[in-house]
Every structure is written in structure tokens, then in C-alpha cells.
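Architecture and fold: a report
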Amino acid sequence: MSDDISAAAVRAFNRFYTRQIGLLEEHVAHSPYSLAEARVLYEIALRGHTTASVLASALGLDRAYLSRILKSFSGDGLIAISPIPSDRRQNQLALTADGDAAVDALNADSDEAVTALLQPLSDEERRRLTEAMLTIRRLLGDDLPAPPVVLRPHRIGEIGWIIHRQAVLYNRQFGWNGDFETLISRIYHDYEEAPESPPKALWIADRGGVVAGSVFVTPSTRDAETAQLRMLYVEPEARGLGLGTQLVAQAVDFARRSGYTGIRLWTQSVLVSARRIYTAAGFVPVESAPHHSFGQDLEGEYWEMPL
């Protein structure tokens, strides 16, 4: 996407979002506080203890204007102002019990406004909206805590999603064509059609409600005593977090607990990051052969590990 198109898209989003924010902020008009005053109260509540200089910087407010707001809050008993012994130039600010009550009232009105805005959306649409908001914040540098990663079974619709994602990612990174998508569609179909015995399992790496990667284990086509690790993948934004290592460890542990005597996998020499994970897990390459697949000349490799 060109810079001009990106800039136009951001401006269009800003115009739309500003209208939505205007609707949400109407509740402040029904409170005793101006929008700026409400923002100051919210910020003090969020930080617990803070200073005027921190507030001015965080909210982009003129210091003289902020000083008048704080003086008014102090007179109304909403904030407590106390000196900082280590810095006599500044005072520490914190909400009083009345200040907490004021923020609670603002939050209740705000929640009501947000609920009305989201009311027409289904649960799935609300989930997608929340994920999109978090994505925007992370991409533009908001300092959010890393969401937890949970390995869980797949849900309806996720097989199709991970086929799509792997086809797109391998095409972007390695130029693999539609033959790869066709192949993995068959692989996942075979997994779904396989009986439950010998044991099989597929794990989705769920990172804050978003699919961040996956892997699965089935019996090897070579013999029923050997498991096969298949289709390891991790989304680009989740790489470097040890997620691939975690998925492989889960697969190996499952194969071991299920009574398999060994586990093997097929990979390509160009998949350098994956090969590092396999090496660290204890796999060793046992066979390799050149082949032309997915529109590329590749070196296929079989790796194995006894259990």
C-alpha cells in the first residue's frame, strides 16, 4: 500500500472515529465537569498518584489551565495535594473519596454510552472490534502488556483460517504458489478424517483471543509406532516469543504420553527458524532430497527423534 493511500485511510478513519468519540463524550455534558476536567480526573484515577507536570504532558494541557482545574478540584475536595519531600518544586496529587465517587459516576455514564454504541453488534462483531482496537494500539506503539498465550484445541472455522494464513505467509516470505495451499488443504482434511486411535491432536496458540500459531500430531504414514509433527506455524507478530518452541514441546510431550516410540517431521532447508526449533527440541535430520514444489526448487528434509 502506498504512503498516499495509507495516509488517506488514516484520515478517513480519524474522521469517522472522531464522530464516534463525540457521541461517547456527550455523557460528560450531563455531568458537572467539562471534557478537560473529566480527562484530568480519569488520568489521576488511572495513575493513583501523580504530579501536575506528568498530567500536563500526558494530556497535552496548558500548565496554567491545568493549574486552575486542579485548584478547583482541591477546593471541591476531589483531590488531595501533598508535598514531595525529595522534590520541593512539585506536589503529589491523588483522588480523595469524593474524587473516587466522581470518577465512578463518570465511568457509569461512560459504560452506558458504550453499551448503547455496541448494542447493535453481535458477540462475534464485538470480539472483532476489540481485537482491531488492540491491534491499532500495539502497531502505533501503545505500551500494552503482552497478552497471555494459551494452547487449546481448534474451534469451528479455524482449520480454514490456518490454511489461509499459512498459504499467505509462505507466499509472501518464500514465493510458494497455490500448490502449497492445495497440499496443506489435503493435509488438514486427512487430519480431520483420521480416526482417534492411534492418538492425534491439534493445538491452536491463542494469544489474547487471536490465533497466533498452531501445530498438530498424527500417526506417521510409515508405521503406527511413530508420530508425525505437522504444519508448525507462528504468526509474524508472535515470533521471537518462544511460541514455536512451546508448540513443538507440546507436540513432543503428547506423542510421548500417547505411547509413540518416536516422532518425525518433514521440513524444508529454507525454513531456518523452524529448523532451529527442531534442533533445540532434540530432532536430528536423517534424510534430505531436492525437489521442485510450490513453484520453487527446494531441499526437503526428514527429521526424527526417539521418545
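What counts and how
- Residues numbered from 1 in each chain as written.
- Predicted model: local features only at pLDDT ≥ 70, side-chain atom pairs only at ≥ 80, totals over all residues.
- Heavy atoms only, no water.
- Helix = DSSP H or I, 4+ residues; strand = E, 2+ residues; numbered from the N terminus.
- Buried < 20%, exposed > 50% of the residue type's maximum accessible area, 1.4 Å probe, protein only.
- Contact = heavy atoms within 4.5 Å.
- Core = buried A, V, L, I, M, F, W, Y, C linked by side-chain atoms within 4.5 Å.
- 1 Å grid on protein atoms, 1.4 Å probe; cavity = no way out; pocket = protein on both sides within 12 Å on 5 of 7 lines; lining within 4 Å.
- Points joined across faces, edges and corners; volume = space filled by probe spheres on them.
- Nonpolar A, V, L, I, M, F, W, Y, C, P; charged D, E, K, R; others polar.

1. Looking at the side chain of Gln268
- Here Gln268 is to be found in strand 7 (residues 262-268).
- For Gln268, a relative accessible area of 3% translates into the label buried.
- Dropping the residues within four chain positions of it, Gln268 is found in contact with Trp176, Arg275, His291, Leu298, Glu299, Gly300 and Glu301.

2. Observations regarding the nonpolar core
- Tyr188, Leu229, Tyr278 and Phe283 are the most contacted members of the largest nonpolar core, which has 47 residues in total.
- Top element by residues in this core is helix 10 (residues 243-257). It accounts for seven residues.
- Ignoring sequence-local partners within four residues, the contact set of Tyr278 consists of Leu229, Leu232, Val248, Leu265, Thr267, Phe283 and Trp303.
- Counting 21 residues, the second largest nonpolar core, distinct from the first, contains Tyr33, Ala38, Ile79 and Leu95.

3. Points about the layout of surface pockets
- Taken as a whole, the second largest pocket encloses approximately 770 Å³ of empty space.
- Together, 24 residues line the second largest pocket, and Glu131, Trp161, Val210, Val211 and Glu237 are the ones closest to its centre.
- With seven residues, the top contributor of residues to the lining of the second largest pocket is helix 7 (residues 123-139).
- When the residues that make up the lining of the second largest pocket are grouped by side-chain class, the tally is nine nonpolar, four polar and eleven charged.

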